[in-house]
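Structural features, examined
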Amino acid sequence: MNSRKKISTVISSLENIIPLQAYLQSHLLPYIESNIDSFLVRHINNIAVQLHVNSLKELLEAPVNNADLAKNILQWGRENYNLRAFKALQAMIWEEGFQNKELLAPVCQDNMKQFTQWQFQDIKIYIYSRQAIQAQKGILLHTEAGELSELISGYFDLRSGSKTESDSYLILADELGEDVSCIMYVTPYVKEADAAYR
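Residues numbered from 1 in each chain as written. Predicted model: local features only at pLDDT ≥ 70, side-chain atom pairs only at ≥ 80, totals over all residues. Heavy atoms only, no water.

What follows concerns the packing of helix α1 (residues 20–42) against helix α4 (residues 84–99). As a packed pair, α1 and α4 sit with axes 9 Å apart at the nearest point and diverge in direction by 95°. Classified by the interaxial angle, the pair formed by α1 and α4 is roughly perpendicular. Across from Tyr23, Leu24, Leu28, Leu29, Tyr31, Ile32, Ile36, Phe39 and Arg42 in α1, the residues of α4 making contact are Leu89, Gln90, Met92, Ile93, Trp94, Glu96, Gly97 and Phe98. Looking at side-chain class alone, the contact of α1 with α4 contains 13 nonpolar, two polar and two charged residues. (Axes fitted to C-alpha atoms, helices over the stretch in contact; angles between N-to-C directions. Helix = DSSP H or I, 4+ residues; strand = E, 2+ residues; numbered from the N terminus. Parallel < 35°, antiparallel > 145°, perpendicular 65-115°, else oblique. Contact = heavy atoms within 4.5 Å. Nonpolar A, V, L, I, M, F, W, Y, C, P; charged D, E, K, R; others polar.)

Here proline 19 lies in the loop between β1 (9–12) and α1. Assessed through its relative accessible area of 29%, proline 19 is described here as partly exposed. Along the sequence, proline 19 and methionine 112 sit 93 residues apart, while their C-alpha atoms lie 12 Å from each other. Apart from residues lying up to four places away in sequence, proline 19 is in contact with Pro106, Val107 and Cys108. (Buried < 20%, exposed > 50% of the residue type's maximum accessible area, 1.4 Å probe, protein only.)

Looking only at helix α6 (residues 133–141), the buried set comprises Ile133, Ala135, Gln136, Gly138, Ile139 and Leu140. Buried residues along α6 sit in contact with α1, α4, β2 (124–128) and β3 (154–156).

One number sums up the size of the largest pocket: a volume of about 210 Å³. Together, Asn82, Leu83, Arg84, Lys87, Ala88, Arg130, Ala132, Ile133, Gln134, Asp157, Leu158 and Arg159 line the largest pocket. Elements supplying a minimum of two residues to the lining of the largest pocket: α4 and α6. Residue composition of the lining of the largest pocket, by class: five nonpolar, two polar and five charged. (1 Å grid on protein atoms, 1.4 Å probe; cavity = no way out; pocket = protein on both sides within 12 Å on 5 of 7 lines; lining within 4 Å. Points joined across faces, edges and corners; volume = space filled by probe spheres on them.)

Here's what the structure looks like:
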């Protein structure tokens, strides 16, 4: 007799829906490069923006102005740094691009049938990504296939822990109130899959 529990939840990398690395290089990072300076000037009185700006400035050894910070932000983007304040600021800049219809994400069409099938089967789908939750939502709201956020029940980012650490996946299961045996983790990255099923 098969005692395996039925899968009720899927936790997926954003990369299973969006070819994220290619999109970052072709559109998202160039958008930051073109807009970071004006963004920092326009939002000089925005409390949330300045909170992240100040956090990032504290990471640098010497006092820096916004122009120097912009250069560091571009470098961190190219090197895919997992700094929370950096990710949050990055998401804010992209949000303007989404709202202005300057950014539209491509979709992994071959995978969409599976996501639609999970939704039809009442399986809840969550996204777990290195990108800030605001960025995840913005990307899925603005894709070449339209709004895909209706497929997603919720989002997690690195506040839940590193994607290559096993404990992070136990934290996700606990936050969802799900037995780990009822969750399927879907990722194109071997290290993440090893951590999830270790």
